[in-house]
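# Breakdown of the fold
Spelled out from the first residue to the last, the chains are:
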Amino acid sequence: PRGPMAEFVIPDGIKGLVFDMDGTLINSMPTALAAYLHVAEKYDDLVFKAEDMHRLAGRSIVNVWKTVISEQGLAYDPDDLTHQWHEYFNAAKVNFKTIDCVTKIVHEGKKRGLKLAVASGTWHKAIEENLVIVGLTDIFEVLVGGDDVSVGKPDPETFTKAANGLGLKPEECIGFEDAALGMQSIKAAGYAQAVDVTQFAAYPKWFE
C-alpha cells in the first residue's frame with residue numbers, strides 16, 4: 001500500500017545514507033516482473049505470478065526460481081531460467097528510470113556532504129551499468145553488490161559492508177529499502193533507521 005510519508009527529512013547526526021537499488025533507486029520492478037513472466041510463459045507447467053516476486057523480493061534471481069520450481073515440484077534448472085531472465089532484463093533495462101522521491105534524498109544528502117552508498121543483491125558490475133543508464137554516476141562512494149558478500153539479505157552483511165566501506169559506524173547511517181528482506185538486513189546491521197521507501201506518497205506502484 002502507498003504510505004502517508006510525504007516528505008523524508010534527514011535527521012541531524014547522520015553521516016551516511018545507504019540505498020538498495022532495484023525498487024529503491026531505480027524503478028526496475030516492472031521490468032523484472034516482465035522478465036519472470038516472459039520466461040515462465042515458455043513452459044506449460046511453470047506458473048509465475050506478481051505475488052511471487054512480491055513475497056520473494058530481495059532474494060537473488062536464482063533463489064526466486066529455486067523457490068518457485070521447488071514449490072511447484074518441477075525439475076527445471078534454476079541457472080538456465082536465470083540466464084533467460086537476464087537476457088530479457090538486460091535488453092529492456094535501457095528504459096530504466098529513477099524513483100524520484102528517493103533520488104531527491106540522494107541529492108539532498110550529497111548537497112549536505114553526507115557519504116552515500118548502494119547496497120544491493122544485484123551483481124557489482126550490473127549496479128555500475130544501471131547507475132550509468134539512469135544518470136547516477138559519481139554520486140556513490142561505495143557500491144556493495146551480491147557478489148561482494150558471502151551471505152545476501154536478510155543477513156546484515158550487505159549493509160554492514162556498505163557502512164564499513166564509507167568509514168562509518170552503522171548507527172551513523174540510514175538505510176533505504178523497498179523489500180521486507182532488505183529492511184531486516186538494515187535493522188540487523190544496527191543502522192540508526194531503516195526507511196521503507198514504498199511508504200512514500202509518491203512511490204510508483206508496481207504491485208497491487
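Now for a quick tour of the structure. (Residues numbered from 1 in each chain as written. Predicted model: local features only at pLDDT ≥ 70, side-chain atom pairs only at ≥ 80, totals over all residues. Heavy atoms only, no water.)

### Digging into the packing of helix α1 (residues 29-40) against helix α3 (residues 61-71)
Formally: To obtain an axis, a line is fitted to C-alpha atoms, over the contacting stretch when the element is a helix, and the angle between two such axes runs from 0 to 180 degrees between their N-to-C directions. Note on conventions: DSSP H or I runs of at least 4 residues are helices, E runs of at least 2 residues are strands, and numbering of each starts at the N terminus. Oblique is the label for any angle not under 35 degrees, not over 145, and not in the 65 to 115 range, which are roughly parallel, roughly antiparallel and roughly perpendicular in turn. By definition, any crossing whose near helix is turned counterclockwise from its far helix by less than a right angle is left-handed, and any crossing with a clockwise turn is right-handed. By the convention used here, residues are in contact when the closest approach between their heavy atoms is within 4.5 Å. Under the scheme applied, nonpolar residues are Ala, Val, Leu, Ile, Met, Phe, Trp, Tyr, Cys and Pro; charged residues are Asp, Glu, Lys and Arg; polar residues are all the others, including Gly.
Interaxial distance between α1 and α3 falls to 13 Å at its minimum, and their mutual angle equals 45°. Between α1 and α3, the interaxial angle falls into the category oblique. Handedness of the α1/α3 crossing: right-handed. Contact with α1, carried on its side by Tyr36, Val39 and Ala40, involves Ile61, Val64 and Trp65 of α3 and no other residues of that element. Per-class residue counts for the contact of α1 with α3 are 6 nonpolar, no polar and no charged.

### Comments concerning unusual backbone geometry
As a reminder, the rule being used: Buried means the residue's accessible area, taken with a 1.4 Å probe over protein chains only, is under 20% of the maximum for its type, while exposed means over 50%, and partly exposed covers the values in between.
The amide bond that connects lysine 153 to the next residue, proline 154, takes the cis arrangement and shows omega of 10°. Checked against the element boundaries, proline 154 lands in the loop between β3 (142-144) and α7 (157-165). We note that aspartate 138 has phi near 60°; this positive angle belongs to a residue other than glycine. On the secondary structure map, aspartate 138 appears in the loop between α6 (124-133) and β3. When its relative accessible area of 74% is taken as the criterion, aspartate 138 is described as exposed.

### Considerations on α1
Using the following cut-off: Given the number of residues in a helix, its expected span is that number minus one, multiplied by 1.5 Å.
Taking 1.5 Å per residue as the helical rise, α1 with its 12 residues ought to reach 16 Å, and the 17 Å between its terminal C-alpha atoms agrees with that figure. For α1, the complete set of buried residues consists of Met29, Thr31, Ala32, Leu33, Ala35, Tyr36, Val39 and Ala40. Its buried side turned inward, α1 meets α2 (50-55), α3 and α4 (78-92).

### Examining the pairing of strand β5 (residues 193-196)
Put simply, the rule reads: Pairing between two strands requires that DSSP report at least two bridges joining them. Classification remark: right-handed applies to a crossover when, strands pointing away from the viewer, the course from the first strand over the helix to the second runs clockwise.
Sheet topology places strand β4 (residues 173-177) next to β5; 4 bridges connect them, and they run parallel. By the bridge assignment, phenylalanine 176 is partnered in β5 with valine 195. Handedness of the crossover joining β4 and β5 through helix α8 (residues 180-188): right-handed.

### Quick notes on the packing of aromatic side chains
What counts, and what does not: Two aromatic rings from Phe, Tyr or Trp, using only the six-membered ring of Trp, form a pair when their centres are within 6.5 Å; if the ring planes differ by under 30 degrees the pair is stacked, by over 60 it is edge-to-face, and anything between is tilted.
As enumerated under the stated definition, the model contains 11 aromatic pairs in all. Seen in terms of ring centroids, tyrosine 43 and tyrosine 76 are 4.6 Å apart; in terms of plane orientation they differ by 50°. Their pairing is tilted. Residue tyrosine 43 is located in the loop between α1 and α2, and its partner tyrosine 76 is located in the loop between α3 and α4; the two are separated by 33 residues in the primary sequence. Assessed through its relative accessible area of 17%, tyrosine 43 is described here as buried.

### What to know about the sheet that holds strand β1 (residues 16-19)
If you trace the 5 strands from one edge of the open sheet to the other, you get β3-β2-β1-β4-β5, paired in parallel fashion. A strand with exactly one partner marks an edge of an open sheet, and here the two such strands are β3 and β5. Each strand axis lies, on average, 20° off the axis of its neighbour in the sheet, ignoring direction. Note that β1 and strand β2 (residues 115-119) share 4 bridges and pair parallel. Of the residues in β2, the one forming a bridge with phenylalanine 19 is valine 118. The sheet contacts of α8 involve β4 and β5, and relative to β5 the element is tilted by about 165°.

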